[in-house]
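Given next are the chains, with one letter for each unit.
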Amino acid sequence: GGGGGGGGGVSSIVAGSNVTLSPSEGTGDVTIGLTPQTASLISAGLNTIDTSINYNVSTAISVQFGQTEYNQGDSLTVDSGSNSSITVSQAGYYRVDALVAFNTGGQRTTPGMNVYVDGVEKEGRSYGYIRNASGAVEASCTISRVIYLPNGTEEITIKVANFGANGTCNAQQGYFQLTKID
């Protein structure tokens, strides 16, 4: 219960970070105030695929996004020339999400899409097999993963190549999103 005096109580309170005390010395009748912490989102998203590019290549090339959908925070830089990469300015863990839908005029075309950091492919390529029979002329590649960027200067790119039969392989729509998670 809380009534009745008689010693053994708290003699003072010390405030930590994001806490205020009134009176500030923390003795007597004390009011405790908490200052909420605000998290700032660091994320950029690209969309509107350039549909004229044929990804029927054996060496992966960058996916060209037509516009920056958003760029929240001040530590991500979107390549202003082709909207094909995002460069970070803080080290840490980042979530990469990308989806690209492809179509083909050939048969058994297999686009393979992956994340590249400073031009180096990461493990975990995504494939989309396009049979091009009975009306099946499209497939999608999807990537969602967390990567650690230790330097805070890395450039992240989504690249695609064709790993199947020879045939046109054009992107129809898609997005690329990079979000700092720590």
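> Just to check I follow, could you spell out the pairing of strand β14 (residues 169–180) for this structure?
Here is the key point about a regular strand: its side chains alternate between the two faces of the sheet. Two strands pair when backbone bridges link them, and strand β3 (residues 43–49) and β14 are joined in this way by five bridges, in the antiparallel orientation. Bridging across to β14, Ala44 finds its partner in Leu178. When strand β8 (residues 92–104) meets β14, the two strands line up antiparallel, connected through eleven bridges. Bridging from a neighbouring strand, Thr104 pairs with Cys169 of β14.

> Even after reading the chapter, I still don't get the packing of aromatic side chains, so can you show me in this structure?
Each aromatic ring pair is described using two quantities: the centre-to-centre distance and the angle formed by the ring planes. For the coordinates displayed, the defined rule picks out four aromatic pairs. Judged by centre distance (6.0 Å) and plane angle (40°), the ring pair of Phe65 and Phe176 falls under tilted. With Phe65 in strand β5 (residues 65–72) and Phe176 in strand β14, the pair connects residues that are 111 residues apart, well separated along the chain. Pair check on accessibility: Phe65 and Phe176 agree, each one buried. Both rings, one in Tyr127 and one in Phe163, keep their centres 5.5 Å apart while their planes meet at 85°; by these two values the pair is edge-to-face. With Tyr127 in strand β11 (residues 126–127) and Phe163 in the loop between β13 (155–162) and β14, this pair connects stretches of sequence that are 36 residues apart. Taking relative accessible area as the criterion, Tyr127 reaches 43% and is therefore assigned partly exposed. For the cation-ring pair, Lys159 lies above Tyr116, with the distance from its terminal atom to the ring centre recorded as 4.8 Å.

> Any chance you could explain the sheet that holds β8 here in plain terms?
The pairing of strands in a sheet comes from backbone hydrogen bonds and takes either a parallel or an antiparallel form. Read from one edge to the other, the open sheet built from five strands follows the order β5-β3-β14-β8-β12, with strand pairing classed as antiparallel. In this open sheet, the two edge strands, each paired with only one partner strand, are β5 and β12 (138–149). Ignoring which end each strand starts from, the neighbouring axes of this sheet average 15° apart.

Basis of the calculations
Here the residue numbering is sequential within each chain, running from 1 through the sequence in written order. Owing to the predicted nature of the model, reporting of local features is limited to residues with pLDDT of at least 70; listing and counting of side-chain atom pairs is limited to 80 or more, with chain, interface and lining totals taken over all residues. Side-chain metrics in this entry use all non-hydrogen atoms of the structure; hydrogen atoms and water are not considered. We call two strands paired when DSSP finds no fewer than two bridges between them. Secondary structure elements are defined from DSSP: runs of H or I of at least 4 residues count as helices, runs of E of at least 2 residues count as strands, and each element is numbered from the N terminus. Working definition: rings of Phe, Tyr and Trp (its six-membered ring) pair if their centres are within 6.5 Å, and the pair is stacked with planes under 30 degrees apart, edge-to-face with planes over 60 apart, and tilted otherwise. Buried means the residue's accessible area, taken with a 1.4 Å probe over protein chains only, is under 20% of the maximum for its type, while exposed means over 50%, and partly exposed covers the values in between. Note on geometry: a ring has a charge over it if NZ (lysine) or CZ (arginine) is within 6 Å of the ring centre and within 35 degrees of the ring normal. Axis definition: a line fit to C-alpha positions, over the contact stretch in the case of helices; interaxial angles, taken between N-to-C directions, run 0 to 180 degrees.

Purely geometric numbers; function is a separate question.
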